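One-letter residues, chain by chain:
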There are 2 protein chains.
Amino acid sequence: RATLRPMTEARILGGFWSRRKRANREVGIPAGLRQLEQAGNLANLRLAAGRTTGAYRGKYPFQDSDVHKWLEAAAWEFGPSLETHAGHLVQLITQAQQPDGYLNSYYQVFKPQARFAELDFGHELYCAGHLIQAAVADARSSGGMALLAVACRLADHLDTVFGPDGREGIDGHSEIETALVELYRQTGTTRYLDLARILVDRRGHGLIGDRSFPASYYQDHEPVRTAKTVAGHAVRQLYLNAGVTDIAIETGDGELGQAMERQWEDMVATRTYLTGGVGAHHDDESFGDPYELPPERAYCETCAAIASIQWSWRLLLLTGRSRYGDLIERTLYNGFAGSVSLDGKRYFYVNPLQVRDDHPVTGRQPWFKCACCPPNIMRLLSTVDHYAATSDQSGLQLHQYATGSYGGGPAQVRVRTRYPWEGTVSVEVSHTSDDPWTLSLRMPHWCRRASIVVNGVPLDIEPVDGYLRVTRGWTAGDVVVVDFQLLVRTTVADSRVDAVRGCAALERGPIVYCLEAVDQPPGVRLDDVVLDVATKTQWQPDVLGGVVTVAAAGWVRERGDFSGWPYGVRSQLGERVSLLAVPYFAWGNRELGAMRVWIPVT
Amino acid sequence: RATLRPMTEARILGGFWSRRKRANREVGIPAGLRQLEQAGNLANLRLAAGRTTGAYRGKYPFQDSDVHKWLEAAAWEFGPSLETHAGHLVQLITQAQQPDGYLNSYYQVFKPQARFAELDFGHELYCAGHLIQAAVADARSSGGMALLAVACRLADHLDTVFGPDGREGIDGHSEIETALVELYRQTGTTRYLDLARILVDRRGHGLIGDRSFPASYYQDHEPVRTAKTVAGHAVRQLYLNAGVTDIAIETGDGELGQAMERQWEDMVATRTYLTGGVGAHHDDESFGDPYELPPERAYCETCAAIASIQWSWRLLLLTGRSRYGDLIERTLYNGFAGSVSLDGKRYFYVNPLQVRDDHPVTGRQPWFKCACCPPNIMRLLSTVDHYAATSDQSGLQLHQYATGSYGGGPAQVRVRTRYPWEGTVSVEVSHTSDDPWTLSLRMPHWCRRASIVVNGVPLDIEPVDGYLRVTRGWTAGDVVVVDFQLLVRTTVADSRVDAVRGCAALERGPIVYCLEAVDQPPGVRLDDVVLDVATKTQWQPDVLGGVVTVAAAGWVRERGDFSGWPYGVRSQLGERVSLLAVPYFAWGNRELGAMRVWIPVT
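Note that this is a predicted model, so its numbers are computed, not measured.

(A) Focus on the sheet that holds strand S1 (residues 5–6) of chain B. All names here are of chain B. Across the sheet, five strands lie side by side as S1-S4-S5-S9-S12; this open sheet has mixed pairing. On the outer flanks of this sheet lie S1 and strand S12 (467–472), each paired with one strand and no other. Of the pairings in the sheet, the one linking S1 to strand S4 (residues 389–392) comprises two bridges and is antiparallel in character. Its bridge partner lying in S4, Arg 5 is registered against Ser 391.

Here is the structure:
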């Protein structure tokens, strides 16, 4: 029922993401395991496994999921050598599982009487979902079966409790749905797919209802099939939608697919930041009103950016529409890439688009009490390769441009590029079937002009439905070079985005830029800067690990006489000033201070 | 130590506030008592009094304070006839008090083991403060001593527990400080003043520290004397500051007074909405960063507006500076007046400056689960007279202009005015001492030109330090007529108030205007409106109980082709449109819909 299929081989081998992946593998993932030990997550599992005695550590019922997400990242990253890196964790989890398949250290150790009694906030199915995802990752990347056996026993238990013959319950935090579909894909057991469907269709009928949070927080205010907009807690909504789209892919349920496309359109048109980040409210970590997108109070939880990518990917598979690749690109390079420091050591939970001059800045942190984001970043970085390409009967599609090797369907290709800093992408055919097939290259939404050359011969083709398509008989060694024109763009927002009226943002290719205080002339406060025009781009190998910077000219606003009342006084433009913008994803990696993506133009 | 003294007599007898006061007396206060019964507040006190048995109702530890605040309002409003209206409540509270003076139904009934053990959120001293305020109101307005005896027993108990020989504790929610000073003023017992001082000086040393909320939420992050800005939960901060200013007034502690003036300047210059509302964040109900004042997510809790008025009033008494009267006026007519419906039946907890076209609107509510605001509105309306005038050795000062009778110091005057709709204020001397004295009339901050006539003779005087001052020997029957020029102002914000860049607000006199959807031509969405120019003001006796409306001309923005991505597309001005603005305080009294104070001008 899906339009596109994931590649059988997808490996990023150089460039932008390769460096981030290396930091993840060599710094982030090893440090993560130490953090899980320090924070007590592993201690809690040892209690559940009966290896030690003592008190449950921490206060959240979803702490196992940090372990599971770390394990998923490690499984993707290390493949068959996971056993070396984390075999003891697999054993620990196996031992912690109860004979009936139940697995959740919080309820086993701390609240045994409340098992499945606090579904609104207990996160038991959510944690199970992440365990299943880890097991599927392990099985796919190493063929390992131990964790998959734990996952199946757990899924079987959930099916007994919540399945067709069980009780009518749903989890307050979605995640189990997409995990069950993945487990179905891995095992072929249709009961898992059925359970996912049942859980989705139960939602929106008040099984949770208004509790500490309103029903919309849990997406329980309206059935999935009729809801027109994303709502409530952003991560919950987007994990749910990933699962719903998975079900549409596997079952061909067109109503679900249409519901998902409709919600996605609403989200992108009215509730998405320029960085791809979503979730405007700190309060309830929720989506705001349409066009309510304040830059300084953007919540933009890292997990929401990740969930958005995961959902868009599934919609891309379902429909083959380029717009999903566009949003994935934007979110990857901006809202997501900014959530982890360049050295892989520190993380943002919240990703604002503005930090005022006087805002207390703390910067990225090595870990959090509520540690959902760091291991989520790890698992996305370990799988970012997967989002680059797909295949179908007609050929092979490239959606994201990263140096690497991609194989599936009729062919394997080798990609070389300095994207996102340069727009040239070279695609060399490594292996090919004898029959003609189509190479489809996503034409980025931001790009107005592209040229394409096949084996040195220019082709005159226009993008169709967002893809440049070359159909021919191929020979190994054929080379397609596409050049996407990269210009600095001065972007304004729809007038209904009140919070950035009278401002512009600088973009170049997929990269959103920002001003950081540290790059501006001494004494210039970002609160007073006015943008005139971008003047020059420059590749700077020694800045922030190598980025293209954008220089600009502007003014510093004069303060004039200030009456002590901030209304009724219009300040004047003062001195000219030279400004320097750096990629948003790289902010906060040097001296901490003010930052802004949207710069006043008046 | 105070510069100014409250009047011995201050009675509003007609006009704007008279109508609001009547609704409060005839509708709000009687309905409030029924709500306290329905919500269980009185039932809880009956449990504490041992009259009934059963379970504590509600979940908040501060529910007694709703009763106390209601009682304070009723005491001010009904004076000696409080006995008729609420004598049974006074008896109930008296009976609920424990032999040692302790009084708090939540801890007496629901959590007896935790008495004073949860100071961060237990609100026991906060509730005590409101009981004391009610008792002082009763004593002052009727001479009643029964409630005052309860208050003294309670204060004595607090002094034993937390006084010089007691434990080092402070309440997470200030209020007790100002109440203790009032009790000292009423009784002359210096121990109460001393205890207030001790509690203030204990603050900011981490006695509460970081808990569920950060220490700043409770103003426990920095000592009162050194804190430069308001911070944390707005109501807590402002109640604290009212108490601190009271202490400065009574003790002449200049350091405290300067600290308060400094914090006030910071608040007004950087964290106050055009309506006088404060508290930008829904999250933690807290102040935001400087200039972070989003209109649609303005929290602007009603109680914070009330607390701001109470604090500014004390600073006015301390310093005699007109700017405090200016902020009181702005907050009274806008942020505060809008919190209650014109009929006195319904209340806002949160007071935003913008409601988008697609925002789900609920409007004002008759009561809340957390019901701090409604009885707070009642007690402010029952005391709004108090804020109009003061006296000192030199004479009599008028700070707010309302038809009524004001007496104190050397004279009594009778004021007649149609303020805020007209700028003419007539002040007739009713009684006077034989010695010359000065009549001081606050020149509102918004007013650029005023004329003044004494007994028909124009005077040529300029405002000095924000007051027009007339010094002479007076005779009963002398009449001073001042005319403050009322013009419509198109107000822009300091450029650092990013959230309203490119917008203007309409103001006239002390009144902030807004557009409501219901007043605009059919089909015009407020999200698309652009303001050109105000065209006409008109007194409309039949609109919203009688208001001056402001007509304006503008455009409706064209949507054009919308790509589904809200960035990169600049929309054009479309059709001309006639707009109608009404006072902000009156919004939400008709058909509910979109509203905005700040209107785009580009």
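(B) Focus on the pattern of salt bridges. Counting across every chain of the model gives 84 salt bridges over all chains. Notably, a salt bridge pairs Glu 250 of chain A with Arg 185 of chain A, separated by 2.6 Å at the nearest N-O pair. Note that Glu 250 of chain A is positioned in helix H10 (residues 234–251) and Arg 185 of chain A in helix H8 (residues 176–187), a separation of 65 residues in sequence. A salt bridge links Arg 596 of chain A to Asp 498 of chain B, with the nearest nitrogen and oxygen atoms 2.7 Å apart.

(C) Focus on the relation of the copies chain B and chain A. Superposing chain B onto chain A takes a rotation of 180° plus a shift of 0.0 Å along the axis, which leaves an RMSD of 0.0 Å. The superposition operator between the copies reduces to a two-fold rotation axis.

(D) Seen up close, the interface of chain B and chain A. Taken together, the 49 residues of chain B in the interface contact 50 residues of chain A. For the chain B and chain A pair, buried surface summed over both sides reaches about 4500 Å², with 53% attributable to carbon and sulfur atoms. Together, Arg 501, Trp 565 and Tyr 567 of chain B form the three largest contributors to the area buried by chain B at its contact with chain A, with a combined 17%. Linking chain B to chain A there are six salt bridges. With its nearest N and O atoms 2.9 Å apart, the salt bridge here joins Asp 498 of chain A to Arg 356 of chain B. Scanning the region where chain B abuts chain A turns up 26 residue pairs in polar contact (both at pLDDT 80 or more). In terms of residue class, the side of chain B that touches chain A is built from 19 nonpolar, twelve polar and 18 charged.

(E) Structural context of the side chain of Thr 270 of chain A. All names here are of chain A. Take Thr 270: it is sitting in helix H11 (residues 254–270). Within the local environment of Thr 270, its side chain forms a polar contact with the side chain of Arg 271, the two groups lying 3.5 Å apart. In this structure, Thr 270 is in contact with Asp 289, Pro 290, Tyr 291, Glu 292 and Leu 293, ignoring residues within four places of it in sequence.

(F) Quick peek at the domain arrangement of chain A. All names here are of chain A. By the assigned domains, chain A splits into domain 1 (40–202), domain 2 (211–387), domain 3 (390–484) and domain 4 (488–600). Taken together, the 32 residues of domain 1 in the interface contact 33 residues of domain 2. Interface of domain 1 and domain 2: buried area, both sides summed, is about 2700 Å²; carbon and sulfur atoms make up 60% of it. Counting the surface domain 1 buries against domain 2, the share from its top three residues, Lys 69, Asp 120 and Val 200, is 19%. At the boundary of domain 1 and domain 2, one finds nine residue pairs in polar contact (both at pLDDT 80 or more). Of all the secondary-structure elements, those providing two or more residues to the side of domain 1 that touches domain 2 are helix H3 (63–78), helix H6 (124–142), H8 and helix H9 (190–202).

(G) Fine view of the sheet that holds strand S12 (residues 467–472) of chain A. If you trace the five strands from one edge of the open sheet to the other, you get S1-S4-S5-S9-S12 (chain A), paired in mixed fashion. The open sheet has two edge strands, strand S1 (5–6) and S12 of chain A, and neither has a second partner.

(H) Focus on helix H1 (residues 16–39) of chain A. Roughly 40° is the biggest bend found in H1 of chain A, and it falls at Asn 24 of chain A. Immediately downstream of H1 of chain A, the backbone of Gly 40 of chain A shows phi near 95°, a positive value.

(I) Spotlight on the environment of Pro 444 of chain A. All names here are of chain A. Within the element layout of this structure, Pro 444 appears in the loop between strand S9 (437–442) and strand S10 (450–454). Judged by its relative accessible area of 1%, Pro 444 is buried. Each C-alpha atom of the pair Pro 444 and Tyr 60 lies 41 Å from the other, and the pair is 384 residues apart in sequence. Residues contacting Pro 444, with those up to four places away along its chain left out, are Asp 326, Glu 329, Tyr 419 and Phe 484.

(J) Representation of the packing of aromatic side chains within the structure. Residue and element names in this part refer to chain B. What the rule picks out here adds up to 62 aromatic pairs over all chains. Look at Tyr 106 and Tyr 107: their rings are 4.9 Å apart centre to centre, the planes differ by 85°, and that puts the pair in the edge-to-face class. Across the pair, exposure class does not vary: Tyr 106 and Tyr 107 are buried alike. The positively charged end of Arg 115 is found above the aromatic ring belonging to Tyr 102, 3.9 Å away from the centroid. Directly above the aromatic system of Trp 474 lies the positively charged group of Arg 472, at a separation of 5.3 Å from the ring centroid.

(K) Seen up close, the side chain of Asn 376 of chain A. Residue and element names in this part refer to chain A. Among the secondary structure elements, Asn 376 is positioned in helix H14 (residues 373–381). In terms of polar contacts, Asn 376 uses its side chain to reach the side chain of Tyr 239, at 2.7 Å. Within the local environment of Asn 376, its side chain forms a polar contact with the side chain of Arg 379, the two groups lying 2.5 Å apart.

(L) Spatial organisation of the packing of helix H2 (residues 41–48) of chain B against helix H4 (residues 82–96) of chain B. All names here are of chain B. In the contact formed by H2 and H4, the axes pass within 8 Å of each other and the chain directions differ by 45°. Classed by the angle they form, the pair H2 and H4 counts as oblique. For the pair H2 and H4, the crossing hand works out as left-handed. Counting all contacts with H2, which are made through Leu 42, Leu 45, Arg 46 and Ala 48, the residues of H4 involved are Leu 89, Leu 92, Ile 93 and Ala 96. For the contact of H2 with H4, a count of residues per class yields seven nonpolar, no polar and one charged.

(M) Spatial organisation of the pairing of strand S5 (residues 395–398) of chain B. Residue and element names in this part refer to chain B. Relative to S5, S4 runs antiparallel, the two being bridged by four bridges. Within S5, the position partnered with Ser 391 by the bridge is Leu 396. A loop of two residues connects S4 with S5, the two strands running antiparallel in sequence. Relative to strand S9 (residues 437–442), S5 runs parallel, the two being bridged by four bridges. Bridge pairing links Gln 397 to Ser 440 in S9.

(N) Up close: the state of the cysteines. Across all of its chains, the model carries zero disulfides over all chains by this definition. The thiol of Cys 503 of chain B is not disulfide-bonded; the next cysteine sulfur, from Cys 503 of chain A, is found 11 Å away. This cysteine, Cys 514 of chain B, is not joined by any disulfide, and Cys 300 of chain B carries the nearest cysteine sulfur, 14 Å off.

(O) Spatial organisation of the environment of Leu 147 of chain A. Residues and elements named next belong to chain A. Looking at where Leu 147 falls in the secondary structure, it is placed in helix H7 (residues 146–162). Looking at Leu 147, the relative accessible area reads 0%, which means it is buried. For the pair Leu 147 and Gln 91, spaced 56 residues apart in sequence, the C-alpha separation works out to 8.6 Å. Apart from residues no more than four positions distant in its own chain, Leu 147 is found in contact with Leu 71, Val 90, Ile 93, Leu 131, Ala 134, Ala 135 and Asp 138.

(P) Examining the environment of Thr 602 of chain B more closely. All names here are of chain B. Of note, Thr 602 is situated in the segment after strand S21 (599–600). Owing to a relative accessible area of 54%, Thr 602 belongs among the exposed residues under this scheme. Taking the C-alpha atoms as reference, Thr 602 lies 53 Å from Val 136; in sequence the two are 466 residues apart. With near-sequence residues (within four places) excluded, Thr 602 lies in contact with Gly 502, Val 530 and Arg 557.

Calculation notes
Residues numbered from 1 in each chain as written. Chains lettered and ligands numbered in written order. Predicted model: local features only at pLDDT ≥ 70, side-chain atom pairs only at ≥ 80, totals over all residues. Heavy atoms only, no water. Pairing = 2+ DSSP bridges. Helix = DSSP H or I, 4+ residues; strand = E, 2+ residues; numbered from the N terminus. Salt bridge = Lys/Arg side-chain N within 4 Å of Asp/Glu carboxyl O. Least-squares fit on C-alpha atoms with pLDDT ≥ 70 in both. Contact = heavy atoms within 4.5 Å. Buried area = accessible area lost by both parts, 1.4 Å probe. Polar contact = N/O pair within 3.5 Å; in protein donor to acceptor, adjacent residues only side chain to side chain. Nonpolar A, V, L, I, M, F, W, Y, C, P; charged D, E, K, R; others polar. Domains from an automatic or database assignment. Bend = angle between axes of the 7 residues up to and from the residue. Buried < 20%, exposed > 50% of the residue type's maximum accessible area, 1.4 Å probe, protein only. Phe/Tyr/Trp six-rings, centres within 6.5 Å; stacked < 30°, edge-to-face > 60°. Lys NZ or Arg CZ within 6 Å of the ring centre and 35° of its normal. Axes fitted to C-alpha atoms, helices over the stretch in contact; angles between N-to-C directions. Parallel < 35°, antiparallel > 145°, perpendicular 65-115°, else oblique. Left-handed = near helix turned anticlockwise from the far one by under 90°. Disulfide = S-S within 2.5 Å.

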